[in-house]
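Overview (structure and organization)
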Amino acid sequence: WWVTSVSIFATLLSPISFLSLAGNSYAGTWIMWFAQLGMLLAIPLTIRFFLPIYSRLDIDTAYHYLELRFGSKGLRVLGAVMFIIYQVGRMSIIMYLPCMVLGSLTGISVNLLVGWALIMFYTLIGGFFAVCWTDFIQGSVLLIGVTFSLIFLLVHIDGGVGSIFAAFAAEHKFLAEDQPVFDINILRDSVFIMIVGAGFNTMGSYVSSQDIVQRFTTTTDRKKLNKMMLANGALSIFIATVFYLIGTGLYVFYQQNALPPAAAQDQIFASYIAFELPVGV
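Thresholds applied
Residue indices follow the written sequence of each chain, beginning from 1 at its first position. Note on the predicted model: pLDDT of at least 70 is required for a residue's local features to be given, and 80 or more for side-chain atom pairs to be given and counted; whole-chain, interface and lining totals, by contrast, use all residues. Hydrogens are left out, water is left out, and the side-chain values use all remaining heavy atoms of the structure. A helix here means a DSSP run of H or I that spans at least four residues, while a strand means a run of E at least two residues long, and both kinds are numbered starting from the N terminus. When we talk radius of gyration, it's over C-alpha atoms, and the globule rule is simply 2.2 Å times the number of residues to the 0.38. Note on exposure labels: buried denotes an accessible area under 20% of the residue type's maximum, exposed denotes more than 50%, and partly exposed covers the range between, all computed with a 1.4 Å probe on protein chains only. Contact criterion: two residues are considered in contact whenever any of their non-hydrogen atoms come within 4.5 Å of each other. Residue burial considers only the protein chains on display, and all accessible areas are found by Shrake-Rupley using a 1.4 Å probe. Only four residue types enter the charge count, namely Lys and Arg as positive and Asp and Glu as negative; His and the chain termini do not. Here the site of a charge means atom NZ of a Lys, CZ of an Arg, CG of an Asp or CD of a Glu. Throughout this description, a polar contact denotes any pair of N or O atoms lying within 3.5 Å of each other; where both atoms belong to protein, one of them has to be capable of donating a hydrogen while the other can accept it, and for residues adjacent in sequence the pair is counted only when both atoms sit in side chains. Axis lines are fitted through C-alpha atoms, for helices just across the contact stretch, and the angle between N-to-C directions can take any value from 0 to 180 degrees. The cut-offs work like this: below 35 degrees is roughly parallel, past 145 is roughly antiparallel, 65 to 115 is roughly perpendicular, and the gaps in between are oblique. Residue polarity is assigned by list, with Asp, Glu, Lys and Arg as charged and Ala, Val, Leu, Ile, Met, Phe, Trp, Tyr, Cys and Pro as nonpolar; anything else, Gly included, falls into the polar class. Each residue carries a pLDDT score, the predictor's confidence in it, ranging from 0 to 100. In this scheme the crossing of two helices becomes right-handed for a clockwise turn of the near helix relative to the far one and left-handed for an anticlockwise turn of less than a right angle. A helix is expected to span 1.5 Å multiplied by its residue count minus one.

Observations concerning the overall build of the protein chain
Looking only at helices and strands, the protein chain features twelve helices and zero strands. The order of α-helices and β-strands along the protein chain, N terminus first, is α-α-α-α-α-α-α-α-α-α-α-α. Here the protein chain has a C-alpha radius of gyration of 20 Å; the compact-globule value for 281 residues is 19 Å, and the two agree. For the protein chain, the C-alpha atoms occupy an extent of roughly 65 × 50 × 30 Å along the three principal directions. For the protein chain, buried positions account for 45% of its 281 residues. Put simply, 76% of the contacts in the protein chain that link residues at least 6 apart link residues at least 24 apart. Carbon together with sulfur atoms contributes 68% to the accessible area of the protein chain, which is approximately 14600 Å² in total. Across the protein chain, 13 positive and 14 negative side-chain charges occur, with their mean positions spaced 17 Å apart.

Put into structure tokens, the structure is as follows:
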């Protein structure tokens, strides 16, 4: 369950998150961080209402359930096709965004950096077992690397973590001065709508997105499934908090130091990695 938990974590946390979460808090506030707290809504609901179904039924995909529930093979095919179309678009962005950053930092063509062939190879040869363990390795590298980056950043900021909290207070980097915690108008940003909206959105991924549901099919043990979900939620909230601390830390750091060459919002963390972290890291 612990391998699969990290696999889910690595699947949900794409390179888009890696670049944009730190970029959000660097250029703005922590309002989007509250979306991660939607896990506190999504995970209990998934454990209570959906995991029992997936552990009880002998199904291979989320869309197999549609056929069983409504007696329609056409509905199963429609669900699968819609998921594939969505994933083609999502994966294109996920692959392209970090390649743009790496291309600008290394001078290598973006087309050469997209590694579809390697991913297809290990998936075809090793199957789902290879996918889970590769995700586990990638997720571990991400967790260790990002945590090291935060510690290294704090050591090299004049004032350390105190400077970040000073930015929270003096420059409203945590929440904007006029940011409501709750607003009766649900079309406006508020802390409440971020948590609830993101909670149901995340729950949608947990219960209907095949890249997540296929992890649930690795076991029918309810206790292991519950551990899988809880560990994934803890990892997700932890890493989001680290990313946002890095973003605010970079805001403070680059007030004290010169900006790197590639200093766009979504490239700020990648630029810090390239120009500030020890060579080889």
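After presenting the structure, the write-up continues.
Some thoughts on the side chain of S271
Relative to the assigned elements, S271 resides in helix α12 (residues 268–275). A distance of 2.8 Å separates a polar atom in the side chain of S271 from the backbone oxygen of Q267.

Focus: the packing of helix α8 (residues 161–171) against helix α11 (residues 222–256)
Relative to each other, α8 and α11 sit at 90 degrees, their axes nearing to 9 Å. Regarding the angle of α8 to α11, the classification is roughly perpendicular. Within the contact between the two elements, α8 uses S163, I164, A167, F168 and E171 and α11 uses L245, T248, G249, Y251, V252, Q255 and Q256. Here the contact of α8 with α11 is built from residues that sort into six nonpolar, five polar and one charged.

Description of the confidence of the model for the protein chain
For the protein chain, the average pLDDT comes to 87, and 98% of its residues sit at 70 or higher. The secondary-structure element of the protein chain with the lowest mean pLDDT is helix α6 (residues 110–113), recorded at 76, while α11 shows the highest, at 92.

Things to note about the packing of helix α4 (residues 62–70) against helix α5 (residues 73–106)
At a minimum axis distance of 8 Å, the contact between α4 and α5 shows a crossing angle of 155 degrees. Classed by the angle they form, the pair α4 and α5 counts as roughly antiparallel. The two elements α4 and α5 cross, and the hand of that crossing is right-handed. The residues of α5 that touch α4, namely those facing Y63, H64, L66, E67 and F70, are K73, L75, R76, G79, A80 and F83. Across the contact of α4 with α5, the residue classes break down as six nonpolar, two polar and three charged.

Overview of α4
Taken residue by residue, α4 has A62, Y63 and H64 as its buried positions. Residues of α4 that are buried sit in contact with α3 (39–56), α5, α9 (191–208) and α10 (210–216). Positive phi shows up at G71, right after α4, with a value of about 65 degrees.

Some points on α5
Each α-helix winds once per 3.6 residues, and so residues spaced three or four apart point in a common direction. With 34 residues, α5 ought to run about 50 Å at 1.5 Å a step, and its terminal C-alpha atoms sit 49 Å apart, in line with that. Of the residues making up α5, those classed as buried are G79, F83, Q87, R90, I94, M95, L97, P98, C99, V101 and G103. Of the residues trailing α5, G107 is marked for its positive phi of about 80 degrees.

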